[in-house]
Amino acid sequence: MHQRTLDQWSRGASWLHRRDARAKALGTLALLALISSAPVRAAPLYLGVTAILAAGILVARLPLAAVLLRAAIVIPLSLTFAALVAIQGDVAKAAALVVRTYLSAAAALLLVGVTPLPKLLDGLRRLGVPKMIILTTQFLYRYLFVLVEQSQHMRIAASARGGGRVLRAIGLRRAAGSVAVLFARSYDRAEGIYRAMLARGFQGEFRLLEPTRFGWADSLLLGGLVLVCAVLGWSLPAA
Amino acid sequence: MHIPDGFLSPPVWLAMDLAAIPAVGLVARKAQGALEESSIPLLGVMGAFVFAAQMINFPVGPGTSGHLVGAALLAYLLGPWAAAMVMTSILAIQSLVFQDGGILALGANVWNMAMIGVLAAWLPYHSQAVASRRKAVIFTGAFLSVICAGCLALAELLISGLHIPAPVLAVALALFAVSAAIEGGITVAIIQAIEKIHPGWIQAGASGGKRTGLMVVGAAALVLAVGGVLVASSSPDGLERLIETAGLSSRGRALISTPLSGYEWSMMASEWLRKALAGLAGLVLIYGLCLLLGRGLIRRRSS
């Protein structure tokens, strides 16, 4: 499944995987900001960003083709809008829109491809994101695929009982009924989780098995990325 | 409706991100105050529940089916603060794990769907006066939630300099209206089904009375403001003309040009700044009108 690939990628042990989540998150933000502020005709800049991303993927030893393919998930939406712009005669702007969107998606994918989500969220918490949001997101990610699987099981069960085609009014009520049952089960599950957490000594926050420290290599990564982005941005042709 | 990175111009995403920081902080604090510690896993599981519920198809017409967006449903199940926070978490996971919505655009998406989307759903619900109209109120809330979020997303794209021709804009609005109606119908059906299992799971709205008027005015003001932003961003020239005829132009122009004159970037920034200021002026105007209207209504009611 989708998320299993991402989990496998993020559990690697390359130099990039071992860096502190804060350095990777802030570095990605710098890269994204550079991409988003690039003017329409700035081929060297887009090539530069592509080179940085490709280097990142290679250093992280991620499968290049798979990453590039997965980032293409944003292409349909950006192509739709690009077609809209192109019809109005501005083909260069349309092309820049697609390139920008694609490069941004690849940058985001590289970030989560080299940082397990619990580590990334812990890094964001240390950067000042409210604890409530972080905890909620951690629980969400933990139970996301459990509940999605449950909903798929319910769908299979319903069709096994002869769900096929029914009148529209009945179909709507039946779908609403399954969501309600899913809700009831989720609610029960949440209560069970809380009791289990208390039994295991939960004290209000998740702890990482291997806490990371912001070392000199992390400063090097972040500093290098920000410097490269600044230089690329500085040498931009005027918009 | 999830805006990816690369669509919004830097001033737009930066402004939305900066505006989202205090909003998310406030929502997190309020949600923490309103909940017990045992609710922390519940919020995360509810976020996962929305993901799972989105996978269930609802037959809505011949050959077509829709699925849930969820902001309104969450608001009615968890209350507005917790709902806004869970929506923020959902958007964060969608942008990080599924590349559905950008990271820089997260602030904009949070505003559109988690903040305004939940507020638009909650205001009519909170104002419900008569139990018999409950279905209509839930439908309206879910409808407004989707349509407001969609209009805001369109406005942000327009302000970012993406030209959308008027006919395409009309088609987009019509599509938003259809999906908003679907969301309304689905939300009503789900709320009824959940109530059958356990009525206590649904948040109580207001018991009617004085606040009803205020909430209706609030909802109307929100819709007007969102519509105003969309209109202003699609035709900033028209609004400029309006400001000019109102005699504000000389003062407005002085305000814009004085602090920036002499700087090289004022030439580049002025086009965007003019658009933004025109939009903002329109928003303030509409907000003021709604405020006056609301005050007048309440005074008449209490007298």
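Model, not experiment: these values are computed from the prediction. (Residues numbered from 1 in each chain as written. Chains lettered and ligands numbered in written order. Predicted model: local features only at pLDDT ≥ 70, side-chain atom pairs only at ≥ 80, totals over all residues. Heavy atoms only, no water.)

K.L.:
Teacher, can you tell me more about the overall build of chain A here?
P.N.:
Assigned secondary structure in chain A consists of ten helices and zero strands. Overall, chain A shows an N-to-C arrangement of helices and strands of α-α-α-α-α-α-α-α-α-α. Expressed as a percentage of its 239 residues, the buried residues of chain A come to 46%. Counting only contacts in chain A whose residues sit at least 6 apart along the sequence, the fraction spanning at least 24 positions is 79%. Only carbon and sulfur atoms are counted for the fraction: they give 64% of the accessible area of chain A, which is about 12,400 Å². (Helix = DSSP H or I, 4+ residues; strand = E, 2+ residues; numbered from the N terminus. Buried < 20%, exposed > 50% of the residue type's maximum accessible area, 1.4 Å probe, protein only. Contact = heavy atoms within 4.5 Å. Areas by Shrake-Rupley, 256 points an atom, 1.4 Å probe, with all protein chains shown as cover.)

K.L.:
Which parts of the structure should I look at to understand the overall build of chain B?
P.N.:
Assigned secondary structure in chain B consists of eleven helices and two strands. When the elements of chain B are put in sequence order from the N terminus, they spell out α-α-β-β-α-α-α-α-α-α-α-α-α. For chain B, the proportion of its 303 residues judged to be buried stands at 51%. Counted over contacts in chain B with a minimum sequence separation of 6, partners at least 24 positions apart contribute 78%. Summed over its atoms, the accessible surface of chain B is roughly 13,900 Å², and 68% of this surface lies on carbon and sulfur atoms.

K.L.:
Is there a simple way to think about helix α8 (residues 131-160) of chain A in this case?
P.N.:
Two residues of an α-helix separated by three or four positions point the same way, owing to the 3.6 residues in each turn. In a regular helix each residue adds 1.5 Å, so 30 residues correspond to 44 Å; α8 of chain A covers 43 Å between its end C-alpha atoms and thus fits that length. Considering bend angle alone, the principal kink of α8 of chain A is centred on tyrosine 143 of chain A and spans about 40°. (Expected span 1.5 Å × (residues − 1). Bend = angle between axes of the 7 residues up to and from the residue.)

K.L.:
Mind showing me how you'd approach the side chain of threonine 115 of chain A here?
P.N.:
Residue and element names in this part refer to chain A. Along the chain, the position of threonine 115 falls in the loop between α6 (91-114) and α7 (117-126). Overall, the relative accessible area of 2% leaves threonine 115 in the buried class. Each residue touching threonine 115, except ones within four places of it in the same chain, is listed here: Ser10, Ala21, Lys24 and Leu120.

K.L.:
Where do I start with a nonpolar patch on the surface in this structure?
P.N.:
Residue and element names in this part refer to chain A. Taken together, the side chains of Trp15, Val59, Trp216 and Leu220 define a hydrophobic patch exposed on the protein surface, amounting to about 470 Å² of accessible area. Mapping tryptophan 216 onto the fold places it in helix α10 (residues 216-234). A relative accessible area of 70% means that tryptophan 216 is categorised as exposed. (Patch = residues over 30% accessible without salt bridge, like charges linked within 9 Å, V, L, I, M, F, W, Y side chains within 5 Å. Salt bridge = Lys/Arg side-chain N within 4 Å of Asp/Glu carboxyl O.)

K.L.:
Mind showing me how you'd approach the pattern of salt bridges here?
P.N.:
Side chains carrying opposite charge are able to pair once their charged atoms draw close together. Residue and element names in this part refer to chain A. Taken as a whole and judged by the stated rule, the model has six salt bridges over all chains. With a closest N to O distance of 3.7 Å, arginine 11 and aspartate 7 form a salt bridge. By relative accessible area, arginine 11 is classed as exposed at 62%. Judged by relative accessible area, aspartate 7 falls into the buried class, the value being 17%. When the shortest N-O distance is used, the salt bridge between aspartate 122 and arginine 126 registers 3.4 Å. Of this pair, aspartate 122 and arginine 126 both sit in helix α7, four residues apart, roughly one helical turn. Owing to a relative accessible area of 8%, aspartate 122 belongs among the buried residues under this scheme.

K.L.:
Help me understand the confidence of the model for chain B, please; the structure alone is not making it clear to me.
P.N.:
As a note on interpretation, predicted positions should not be read in detail where pLDDT is low. Residue and element names in this part refer to chain B. The predicted model of chain B averages 77 in pLDDT, with 70% of residues at 70 or higher. Per-element confidence in chain B is highest for helix α4 (residues 80-97), whose mean pLDDT is 93, and lowest for helix α10 (residues 249-260), whose mean pLDDT is 41. Within the model, the stretch residues 248-269 combines pLDDT values under 50 with eleven contacts to residues more than four positions away or in other chains. (pLDDT = per-residue confidence, 0-100.)

K.L.:
I keep staring at the interface of chain B and chain A and nothing clicks. Help me out?
P.N.:
Reports of interface size often rely on the accessible area that becomes lost once the parts have come together. With 63 residues of chain B in contact, the opposing surface of chain A contributes 63 residues. Buried area between chain B and chain A, summed over both chains or domains, comes out near 5,800 Å², and the portion from carbon and sulfur atoms is 81%. Between the two partners, chain B and chain A, sit zero salt bridges. Linking chain B to chain A there are six residue pairs in polar contact (both at pLDDT 80 or more). Broken down by secondary-structure element, the contributors of at least two residues to the side of chain B that touches chain A are α1 (10-34), α2 (39-53), β1 (58-61), α4 and α7 (166-197) of chain B. Split by residue class, the side of chain B that touches chain A holds 47 nonpolar, 14 polar and two charged. (Buried area = accessible area lost by both parts, 1.4 Å probe. Polar contact = N/O pair within 3.5 Å; in protein donor to acceptor, adjacent residues only side chain to side chain. Nonpolar A, V, L, I, M, F, W, Y, C, P; charged D, E, K, R; others polar.)

K.L.:
Looking at this structure, how should I read the packing of α1 of chain B against α4 of chain B?
P.N.:
In helix packing, the relevant descriptors are the interaxial angle and the interaxial distance, both defined with respect to the helix axes. All names here are of chain B. Packing of α1 against α4 leaves a shortest axis separation of 8 Å and a crossing angle of 125°. Overall, the two elements α1 and α4 adopt an arrangement that is oblique. Judged by the twist between their axes, the crossing of α1 over α4 is left-handed. Every residue of α4 that contacts α1 at Val24, Leu26, Val27, Ala28, Lys30 and Ala31 is listed here: Trp81, Ala82, Ala84, Met85 and Thr88. Partitioned by chemical class, the residues of the contact of α1 with α4 number nine nonpolar, one polar and one charged. (Axes fitted to C-alpha atoms, helices over the stretch in contact; angles between N-to-C directions. Parallel < 35°, antiparallel > 145°, perpendicular 65-115°, else oblique. Left-handed = near helix turned anticlockwise from the far one by under 90°.)

K.L.:
What am I meant to see in the nonpolar core here?
P.N.:
Soluble globular proteins tend to pack their nonpolar side chains together in the buried interior. Judged by nonpolar contacts, the single largest core of 166 residues is most densely connected at Leu117 of chain A together with Phe49, Leu74, Tyr76, Leu78, Ile93 and Ile190 of chain B. Sorting elements by how many residues they give to this core places helix α6 (residues 134-159) of chain B first, with 15 residues. Among residues more than four places away in sequence, those in contact with isoleucine 190 of chain B are Ala176 and Val179 of chain A together with Phe58, Leu68 and Leu73 of chain B. (Core = buried A, V, L, I, M, F, W, Y, C linked by side-chain atoms within 4.5 Å.)

K.L.:
I tried to follow the packing of aromatic side chains on my own but got confused; where do I start?
P.N.:
Inspection of the entire model under this criterion finds eleven aromatic pairs over all chains. Aromatic ring contacts, followed pair by pair, group Tyr141 and Phe145 of chain A together with Phe51 and Phe98 of chain B into a single cluster. One Lys or Arg, arginine 19 of chain A, reaches over the ring of tryptophan 15 of chain A and ends 4.9 Å from the middle of that ring. A cation over an aromatic ring shows up here: arginine 142 of chain A above the ring of tyrosine 143 of chain A, its NZ or CZ 4.8 Å from the ring centre. (Phe/Tyr/Trp six-rings, centres within 6.5 Å; stacked < 30°, edge-to-face > 60°. Lys NZ or Arg CZ within 6 Å of the ring centre and 35° of its normal.)

K.L.:
I tried to follow the environment of asparagine 109 of chain B on my own but got confused; where do I start?
P.N.:
Residue and element names in this part refer to chain B. By the element assignment, asparagine 109 lies in helix α5 (residues 106-126). Linking asparagine 109 and aspartate 17, residues 92 residues apart in sequence, is a C-alpha distance of 9.3 Å. With residues near it in sequence (within four places) discarded, asparagine 109 still touches Met1, His2, Ile3, Leu91, Gly101, Gly102 and Ala114.

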